[in-house]
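# Close look at the chain arrangement
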Amino acid sequence: MGNVSRWTSVMLMLFLSSFSANASAEEERGAALKPGDMVPDFTMPATNGFGQRLAEARGSFLMLIWLGRCDECSERLVRYQLLAESMALEGMKGWFVWTPRGDDRPPKMRLPVLEYDKKWRQSWLFEDRPAVMLINADGRLDHLITGDLKDNYKETEQVVMRWISQGRDYQLSE
Amino acid sequence: MRLLVLVGVFMASLVHAEDAAIREDVMSVKNAVLDLNRDLYELERQLLSPATTRAAFHITLNHGEYFEPLSVELSVDGQAEIQHLYTERQVKALRMGAVQPLGDLNLAPGKHDVTLIVRGVDHLGQGRELSITESVTKTSKPLITEFLIVDYEELQSARVELKYW
């Protein structure tokens, strides 16, 4: 009898834990991220090479650029690409996340262009696009800049410069 | 005065002994929790993957000169079960001989059609898709399999083979 009740309680616990794990994962992915939050891990395929996993970027600064509607919008993104490349020596990476719509074609960039597709369960989509996320080496969101990428470029550049130099100072003081 | 000091020392030693006893109790409770956790983990493992239904799938890359995987999807009896996206680091590991556990599934004893589709690029950088469909028989013993992506020198191509462990 004791055994039966133990098994029943274990089954119940497993059921509840799997249910709550699913629910929390969904909530975590759906929730709007804000600075200070840990960015949930993802893996997404890239239109120009290997897929990328956020966890593998730990230890580097990451500028994650969520694109809005984009049909071969390479020109709009060139300045962001140059910014990321100019900061590569400081340990910063830059990734674009593109969500195809209709017959849209992806931008042709040198940096990884990740393609969001809900079929890949390891990925999630940030709703408030376009947006630039600056994710620190621990995987925490330090800055979030939402709105039109063209309008926000100047602000993004200034924030990135300040962010990188602060990060460098912090590493030196440790 | 001396008596007062003696009483003080006695009280302090009592408190000290009590602290030690509490610490010991806390340690034993912690150990009990750890034991319980281990039992629960073991039960969970047995419940989720008993030998009669356990089917484990692995994937390896042999050389990888003619094919570089970017994603893999495994389906059983027409139902998509496992999917994975590769990063450059993971493909490097596969090239160096890593065996990737794709995942464990619960399959009822009997025959099942297992399909694996690997998408990637060939040595010319062109998109390619390798696939294999095999009918596997699940017995009461665990089914442990490995999909090998092997180079096919004659055709300068690659193919997938299924191996039983």
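Figured I'd write up the structure that's included with this text. Nothing here was measured: the structure is a model prediction, and the numbers come from that model. (Residues numbered from 1 in each chain as written. Chains lettered and ligands numbered in written order. Predicted model: local features only at pLDDT ≥ 70, side-chain atom pairs only at ≥ 80, totals over all residues.)

### Considering the sheet that holds strand 2 (residues 67-76) of chain B
Residues and elements named next belong to chain B. Read across the open sheet, the four strands follow the order 3-2-5-6; overall the sheet is antiparallel. The open sheet has two edge strands, strand 3 (79-85) and strand 6 (127-138), and neither has a second partner. Taken pair by pair, the neighbouring strands of this sheet meet at an average axis angle of 20 degrees, ignoring direction. Pairing of strand 2 with strand 5 (residues 110-122) involves nine bridges; the strand directions are antiparallel. Considered in strand 5, the bridge of V76 is made with V114. (Pairing = 2+ DSSP bridges. Helix = DSSP H or I, 4+ residues; strand = E, 2+ residues; numbered from the N terminus. Axes fitted to C-alpha atoms, helices over the stretch in contact; angles between N-to-C directions.)

### Some thoughts on the pairing of strand 8 (residues 157-164) of chain B
All names here are of chain B. Examined bridge by bridge, strand 7 (residues 143-152) and strand 8 share eight bridges and lie antiparallel to one another. Each residue of the ladder has a partner; that of I149, found in strand 8, is V160. Turn length for the strand 7-strand 8 hairpin, with the two strands adjacent in sequence and antiparallel, is four residues, and the turn residue Q156 shows positive phi of about 45 degrees.

### Section: the sheet that holds strand 7 of chain B
Residues and elements named next belong to chain B. One open sheet holds the four strands; their spatial order is 4-1-7-8, and the pairing between them is mixed. Whereas interior strands pair on both sides, the edge strands pair on one side only; in this sheet they are strand 4 (100-106) and strand 8. Direction aside, neighbouring strands of the sheet carry axes that sit 20 degrees apart on average. For strand 1 (residues 54-62) and strand 4, the ladder comprises six bridges, and the chain directions are antiparallel. In the sheet register, F57 faces strand 4, and the bridge partner there is G103.

### Considering the nonpolar core
Judged by nonpolar contacts, the single largest core of 38 residues is most densely connected at M63, L64, I65, F96, V97, L114 and M133 of chain A. Elements represented by at least two residues in this core include exactly strand 1 (43-46), strand 3 (61-66), helix 2 (74-86), strand 4 (92-98), strand 5 (113-115) and strand 6 (131-135) of chain A. (Core = buried A, V, L, I, M, F, W, Y, C linked by C-beta atoms within 7 Å. Buried ≥ 20, exposed ≤ 12 C-beta atoms within 10 Å, placed from the backbone.)

### Looking at the interface of chain A and chain B
Taken together, the contacts link 13 residues of chain A with 13 residues of chain B. Where the side of chain A that touches chain B is concerned, the elements lending two or more residues are helix 1 (2-30), strand 1 and strand 2 (49-53) of chain A. Across the side of chain A that touches chain B, the residue classes tally to six nonpolar, four polar and three charged. (Contact = placed C-beta atoms within 7 Å. Nonpolar A, V, L, I, M, F, W, Y, C, P; charged D, E, K, R; others polar.)

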